[in-house]
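# Topology and contacts: notes
Below, each chain spelled out in residue letters.
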Amino acid sequence: MFFVLMSSSVTADLFLYGGHILTLDPYHPQAEAVAIADGKILAVGSVSELQPFLSSHTERLSCVGQTVLPGFIDPHLHLLSWASRYSGADASTARSIPELQLALQQQLTRASANAWVRGYGYDEFLLAEKRHPTKHDLDAVTRERPILLRHRTGHAAVLNSRALELAGIEHDSAFSEGVLFEMEPFLRTAVPQLSADALEDGVRRVGQELLHQGVTSFHDASAGNTLEDLALFQRFHSESMVASRATVMIGINAFSQVLEASLSPFSGDDWVRLGSIKIMVHESRGLLSPSPEELAEMIERVHRHGFQVAVHAVEEAPVCIALDGIARAVQRWPRPDPRHRLEHCSICPPPFLDILRDTGSIVVTQPGFLHFYGEKYAAEVPQDLHPWLYRTKSFLDCGIHVAGSSDCPIAPLAPLLGIQAAMTRRASSGASLNPEEALDLSSALALFTTAGAWVGFEETTKGRIAPGFAADLVILDGEVLRIPPQDIGTMQVAKTIIGGKVVWSKALE
Ligand SMILES: [Zn+2]
């Protein structure tokens, strides 16, 4: 037996055997069988070695023809905005404005009589017209009922005439076409919230989708989160709406709440925990918001209180000032292993790698974006920036930790497609993006398992199949070692196990 056993007097509740077990433990990457007891992994080894742990109460699960992996960890998604999408038209598949209008027309007939008609997920790049829809396009669907159509990224929204009127901005010349950029905080107050029932229904569907895709832990990365949201996630867990384990970031604007409540970093339990403090940095028409000095002060404040900061930075200038701010905080107030996070870090030229490494920071990247939006990057990202686009291998070669996430609903939750894209560096159309950054299978799997655990300071309890680790596992149909990288995204999750319990099974769908 190649693993240390916790205690030979305990017998297993669950025993997995017959499949290909990839442990993500670099010293013992493969095994024949796993024994689980009390929600944790008891022993890992060969079938004969694990016999002493079996008893009459042990449930035996054959995994012949299947692959067993640690459960996927998605360290950056937005659960509530994802859940809200189930209450509107899915505009993400529209490839023209008439298709968008059709989707909204169908939603109009479904939505109750006085509710807003909502649509989510359009992308002007994917529309034949190559432009944002306008209020005129939406008025053609209805002028009587308000329509709110949100862009895939959440950075833009389109309102029809009735919606502009209800929001009180129908005479504002800035919105004469009905297209609003970076106005989400305004929309949150101007547009009625979804009903609690509609939101809960969405949360339940999201909870199922997480299990269906093998995501056993996630971090909610919403910058608007407050302690009330943390309490909401606790309710989602206690009412069995979301079975996956949640780490909930809190936005910088609510950081005072955290301090006033005297919460320590990552406080909570095995199911719902406080996460890092989220700061957004945007660049718009050459202006950075917040300014470099403001950002550095925010980072320093979070850092000095012992919390992990998570800075959203996409373009080169925001990434640059985020790294400067982190470096300043870490130099002025050294503390062991701060593990500050850069969310996206989409353009990362060579000098930034040194700062990332020297400050012990982590990049949380989205390989799935290459698959879903690679065509757009190929067309719109200037050629000279391509070598720095969504890097992964360079980070690893430099000793920088990098984790993979979906950013759902900005892109679909699809960890297997993320693994595929990290290996192939190809868009769904086949276009190749910066192939020097391609990872091998074990590094790509690590992005969504061990690295996700590292991000949340959970590397000794999650992300590997090893004794003492949480029994959070995903079982895939097929053998991932034999499947060509470009087909990994088509693999199906057969079962998802959290805390030693089968919480989702394809056979029961
Ligand atoms: Zn995000």
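Below, the discussion takes up the overall build of the protein chain. Scanning the protein chain from terminus to terminus reveals 16 helices and 23 strands. Its C-alpha atoms give the protein chain a radius of gyration of 23 Å, near enough to 23 Å, the size a compact globule of 509 residues would have. For the protein chain, the spread of C-alpha atoms along the three principal axes comes to 75 × 55 × 50 Å. Residue burial in the protein chain is summarised as follows: out of 509 residues, 56% are buried. Placing the 41 positive and 59 negative side-chain charges of the protein chain at their respective mean positions leaves the two points 2 Å apart.

What follows is about the coordination of the zinc ion. Donor atoms from the polypeptide that bind the zinc ion are His76 (NE2), His78 (NE2) and Asp407 (OD), placed at 2.1 Å. Counting along the primary sequence, the residues that act as donors to the zinc ion give the motif H-x1-H-x328-D. Residue His78 is located in the loop between strand E6 (72-77) and helix H1 (79-84), and its partner Asp407 is located in the loop between strand E20 (401-404) and helix H14 (415-424); the two are separated by 329 residues in the primary sequence. Relative accessible area serves as the criterion here: at 13%, His78 is assigned to the buried category. A relative accessible area of 5% means that Asp407 is categorised as buried.

Another point: the nonpolar core. Leu79, Leu210, Phe218, Leu356, Phe395 and Ile419 are the most contacted members of the largest nonpolar core, which totals 77 residues. Counting residues per element, this core draws most heavily on helix H10 (residues 316-332), which supplies seven residues. Here this core spans two domains, since at least three of its residues come from each of domain 1 (1-71 + 464-509) and domain 3 (281-441). Sequence-distant contacts of Leu79, defined by excluding residues within four places in its chain, comprise Val203, Val206, Leu210, Phe218, Asp220, Phe233, Phe236 and Val242.

The next point concerns empty space enclosed by the protein. Counted by the stated rule, this structure contains three cavities of 30 Å³ or more. Estimates place the volume of the largest cavity at around 60 Å³. Lining the largest cavity, in full, are Gln366, Gly368, Phe369, Phe372, Ser405, Ser406, Pro412, Ala414, Pro415, Leu417, Gly418 and Phe448. Every element with two or more residues in the lining of the largest cavity is listed here: helix H12 (367-380) and H14. Among the residues making up the lining of the largest cavity, the classes are represented as seven nonpolar, five polar and no charged.

Think of a disulfide as a covalent bridge from one cysteine sulfur atom to another cysteine sulfur atom. According to the stated counting rule, one finds zero disulfides in the structure shown. Free cysteine Cys398: the closest other cysteine sulfur is in Cys348, separated by 9.1 Å.

Backbone-to-backbone hydrogen bonds join strands into a sheet, with any given pair of strands oriented parallel or antiparallel. The strand order E7-E8-E9-E10-E11 describes an open sheet built from five strands, whose pairing is mixed. Two strands close off the open sheet at either side, each with one partner strand: strand E7 (89-90) and strand E11 (179-181). Bridge count between strand E10 (residues 156-159) and E11: three bridges; the pairing is antiparallel. Across the sheet, Val158 pairs through a bridge with Val179, a residue of E11. Along the sheet face, helix H2 (residues 97-110) touches E7, strand E8 (117-122) and strand E9 (147-151) and points at about 145° away from the line of E8.

Relative to the helices and strands, Arg152 is located in the loop between E9 and E10. For Arg152, a relative accessible area of 9% translates into the label buried. Side-chain polar atoms of Arg152 contact the backbone oxygen of Ile410, separated by 3.4 Å. In this structure Arg152 touches Arg85, Gly121, Tyr122, Asp123, Tyr373, Lys376, Pro409 and Ile410, once residues within four positions along its chain are discounted.

All right, on to the domain arrangement of the protein chain then. When the parts come together, some accessible area is lost, and that loss is often what is quoted as the size of the interface. The domains assigned to the protein chain are domain 1 (1-71 + 464-509), domain 2 (85-190) and domain 3 (281-441). Taken over C-alpha atoms, the centre of domain 1 sits 46 Å from the centre of domain 2.

The grouping of Glu283, Glu315, Glu316 and Asp384 at the surface amounts to a negative patch. Locating Asp384 in the fold gives a position in the loop between H12 and helix H13 (393-397). On the basis of relative accessibility, which here comes to 57%, the residue Asp384 falls in the exposed class.

For a regular strand, side-chain orientation follows a simple rule: the groups alternate between the two sheet faces. Along strand E12 (residues 215-220), six of the six residues are buried, which leaves the element largely enclosed by surrounding structure. Where E6 lies against E12, four bridges are found, and the strand directions are parallel. Within E12, the position partnered with Ile73 by the bridge is Ser217.

In this section: the pattern of salt bridges. In the structure shown here, the tally under the stated rule is 24 salt bridges. Asp472 serves as the salt-bridge partner of Arg245, at 2.7 Å between the closest nitrogen and oxygen. Of this pair, Arg245 sits in strand E13 (residues 245-251) while Asp472 sits in the loop between helix H16 (450-455) and strand E21 (473-477), and the two are 227 residues apart along the sequence. With its nearest N and O atoms 2.9 Å apart, the salt bridge here joins Lys462 to Glu458. Pair check on accessibility: Lys462 and Glu458 agree, each one buried. What you see here is one network of salt bridges that share partners, running through Asp123, Glu124, Arg152 and Lys376.

Here the focus is unusual backbone geometry. The amide bond that connects Ser289 to the next residue, Pro290, takes the cis arrangement and shows omega of -5°. By the element assignment, Pro290 lies in the loop between strand E16 (287-289) and helix H9 (292-304). Here the amide bond leading from Cys408 into Pro409 is cis, since omega sits at 10°, within 30 degrees of zero. The residue Pro409 is located in the loop between E20 and H14 in this model.

So, about the packing of H9 against H10. Packed helix pairs are characterised by how far apart their axes lie and by the angle those axes make with each other. Contact geometry of H9 with H10 gives a least axis separation of 8 Å together with a crossing angle of 45°. The angle between H9 and H10 places the two elements in the oblique class. The handedness of the crossing between H9 and H10 comes out as right-handed. Contacts between H9 and H10 pair Pro292, Glu293, Leu295, Ala296, Glu297, Ile299, Glu300 and His303 from the former with Ile321, Ala322, Gly325, Ile326, Arg328, Ala329, Val330 and Arg332 from the latter. Considering only residue class, the contact of H9 with H10 consists of nine nonpolar, two polar and five charged.

Conventions and cut-offs
- Residues numbered from 1 in each chain as written.
- Predicted model: local features only at pLDDT ≥ 70, side-chain atom pairs only at ≥ 80, totals over all residues.
- Heavy atoms only, no water.
- Helix = DSSP H or I, 4+ residues; strand = E, 2+ residues; numbered from the N terminus.
- Rg over C-alpha atoms; globule rule 2.2 N^0.38 Å.
- Buried < 20%, exposed > 50% of the residue type's maximum accessible area, 1.4 Å probe, protein only.
- Lys, Arg positive; Asp, Glu negative; His and termini not counted.
- Charge placed at Lys NZ, Arg CZ, Asp CG, Glu CD.
- Donors = N, O, S within 2.8 Å, 3.2 Å for Na, K, Ca; no water.
- Core = buried A, V, L, I, M, F, W, Y, C linked by side-chain atoms within 4.5 Å.
- Domains from an automatic or database assignment.
- Contact = heavy atoms within 4.5 Å.
- 1 Å grid on protein atoms, 1.4 Å probe; cavity = no way out; pocket = protein on both sides within 12 Å on 5 of 7 lines; lining within 4 Å.
- Points joined across faces, edges and corners; volume = space filled by probe spheres on them.
- Nonpolar A, V, L, I, M, F, W, Y, C, P; charged D, E, K, R; others polar.
- Disulfide = S-S within 2.5 Å.
- Pairing = 2+ DSSP bridges.
- Axes fitted to C-alpha atoms, helices over the stretch in contact; angles between N-to-C directions.
- Polar contact = N/O pair within 3.5 Å; in protein donor to acceptor, adjacent residues only side chain to side chain.
- Patch = residues over 30% accessible without salt bridge, like charges linked within 9 Å, V, L, I, M, F, W, Y side chains within 5 Å.
- Areas by Shrake-Rupley, 256 points an atom, 1.4 Å probe, with all protein chains shown as cover.
- Salt bridge = Lys/Arg side-chain N within 4 Å of Asp/Glu carboxyl O.
- Parallel < 35°, antiparallel > 145°, perpendicular 65-115°, else oblique.
- Left-handed = near helix turned anticlockwise from the far one by under 90°.

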